[in-house]
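# Inside the fold
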Amino acid sequence: MTDIGQRYRRLRSEVPAHVAIVAVSKLQPASAVSRAIDAGARDFGENYVQEAVRKFAAMQGVTKHFIGHVQTNKAKAIAAAFDLVQSVDRLDAALALSKAAAHLGKVLPVLLQINISPGERFGISPQEAPQLAQRIREMENLRLDGVMAIGPVGVDRAQVQAAFERAARTWTKVGGTVLSIGMSGDWREAVAAGSTMIRAGSAIFGPRAAKDTSKHAPGQVPEEAEERT
Ligand SMILES: *Cc1c(COP(=O)(O)O)cnc(C)c1O
């Protein structure tokens, strides 16, 4: 039997206390989210705007992280529904979010998503990250809090570790207090590399619906398909 509360508490006891856990609840029902909240989870990550808005009605008193691809035509909805956007990876997306945040009269905390994995579609290269960080810092309605990255899949542990160390070095150049690296399968390597925040889905909620586990690596599910339904 799966017990979400038990899984969350076990993960919380294994992950060092100074490292935050974002419970990634994409494709999970609101009832699963409630069980995680009951077990103490207070940070939640979602990849799809429409799904998140539907679920957020039942999610009071938690911090909502957007971790999916930022489509500029969704910037308004993202800025309105989320407390923090972890996945800003290009100037266009930052400008659209800043404009949306300005309309809402708020300052939106963001992370810069950097690409440390050959198989990953999104994220700015570590070389270009400091320059984009500079541009974001000039935007009055965004607050750049640090860096997010998705680790490589299908490589050995040493390569995962090396990729996360690259993210950590990029973080020192970008600045901020948050280094969001590590997921259910690789959080130990991420913590060893200096992670301050992991994003764990399946380790807490169990396996997701098939569309997210077959062809696509995490973070690469085509949002268009989901949003059309
Ligand atoms: C889905 C997803 C996660 C969680 O993945 P798990 O392997 O289930 O822990 C973390 N980060 C991002 C960006 C994701 O898309």
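Below is a short write-up of the structure.

Cut-offs and rules
- Residues numbered from 1 in each chain as written.
- Predicted model: local features only at pLDDT ≥ 70, side-chain atom pairs only at ≥ 80, totals over all residues.
- Heavy atoms only, no water.
- Helix = DSSP H or I, 4+ residues; strand = E, 2+ residues; numbered from the N terminus.
- Rg over C-alpha atoms; globule rule 2.2 N^0.38 Å.
- Buried < 20%, exposed > 50% of the residue type's maximum accessible area, 1.4 Å probe, protein only.
- Contact = heavy atoms within 4.5 Å.
- Areas by Shrake-Rupley, 256 points an atom, 1.4 Å probe, with all protein chains shown as cover.
- Lys, Arg positive; Asp, Glu negative; His and termini not counted.
- Charge placed at Lys NZ, Arg CZ, Asp CG, Glu CD.
- Phe/Tyr/Trp six-rings, centres within 6.5 Å; stacked < 30°, edge-to-face > 60°.
- Lys NZ or Arg CZ within 6 Å of the ring centre and 35° of its normal.
- Right-handed = clockwise from strand over helix to strand, strands pointing away.
- Pairing = 2+ DSSP bridges.
- Near = heavy atom within 4 Å.
- Polar contact = N/O pair within 3.5 Å; in protein donor to acceptor, adjacent residues only side chain to side chain.
- Arc of directions from axis to C-beta.

## Some details on the overall build of the chain
Counting its secondary structure elements, the chain contains ten helices and eight strands. Compactness check: the chain gives a C-alpha radius of gyration of 16 Å against a globular reference of 17 Å for 229 residues, within 12% of the reference. Taken along the three principal axes of its C-alpha coordinates, the chain extends 50 × 40 × 35 Å. Every one of the 229 residues in the chain was classed for burial, and the buried ones make up 56%. Relative to all contacts within the chain whose residues are 6 or more apart in sequence, the contacts with residues 24 or more apart total 61%. Surface accessibility of the chain: about 10,300 Å² in total, with carbon and sulfur atoms responsible for 52%. Of note, the chain has its 29 positive side-chain charges centred 2 Å away from the centre of its 23 negative side-chain charges.

## Considering the packing of aromatic side chains
With the rule as written, the count across this model stands at two aromatic pairs. On the numbers, 5.1 Å between centres and 75 degrees between planes, the contact of Phe56 with Phe82 is edge-to-face. One end of the pair, Phe56, is in helix H3 (residues 49-56); the other, Phe82, is in the loop between helix H4 (75-81) and strand E4 (84-88), with 26 residues separating them in the sequence. Assessed through its relative accessible area of 0%, Phe82 is described here as buried. Each ring, one from Phe66 and one from Phe82, has its centre 5.0 Å from the other, and the planes form 70 degrees; the classification is edge-to-face. Of this pair, Phe66 sits in strand E3 (residues 63-66) while Phe82 sits in the loop between H4 and E4, and the two are 16 residues apart along the sequence. Assessed through its relative accessible area of 0%, Phe66 is described here as buried. Three or more aromatic residues joined by ring pairs form one cluster here, namely Phe56, Phe66 and Phe82. We note Lys64 situated over the ring of Phe56; from NZ or CZ to the ring centre the distance is 4.8 Å.

## What to know about unusual backbone geometry
In the Ramachandran plot, Leu27 falls in the positive-phi region, its phi being about 65 degrees despite a non-glycine side chain. With respect to the secondary-structure elements, Leu27 resides in the loop between strand E1 (20-24) and helix H2 (30-38).

## A word on the pairing of strand E5 (residues 108-114)
The buried fraction of E5 is high, at seven of seven residues. The alternating pattern of E5 places Leu108, Val110, Leu112 and Ile114 and Pro109, Leu111 and Gln113 on opposite faces, both of which are buried. Each parallel crossover has a hand, and for E4 linked through helix H5 (residues 91-104) to E5 it is right-handed. With seven bridges connecting them, E5 and strand E6 (residues 142-149) associate as parallel partners. The partner of Ile114 across the bridge, within E6, is Ala149. Crossover E5 to E6 through helix H6 (residues 129-137) is right-handed.

## Some thoughts on the site of the ligand
Inspection of the region around the ligand gives 14 residues, with Lys26, Ser184, Gly201, Ser202 and Arg208 positioned closest. In the environment of the ligand, a nitrogen atom lies 2.8 Å from a nitrogen or oxygen atom belonging to the side chain of Arg199. In this structure, an oxygen atom belonging to the ligand sits 2.8 Å away from a main-chain N or O atom of Gly201. Across the complex, the protein chains shield 96% of the 390 Å² of accessible surface that the ligand would expose by itself.

## As for H3
The periodicity of an α-helix, 3.6 residues per turn, causes residues three or four positions apart to be oriented the same way. Considered for burial, the residues of H3 that qualify are Val49, Glu51, Ala52, Lys55 and Phe56. Down the axis of H3, the smallest arc covering the buried residues is 160 degrees, so these residues share one side.

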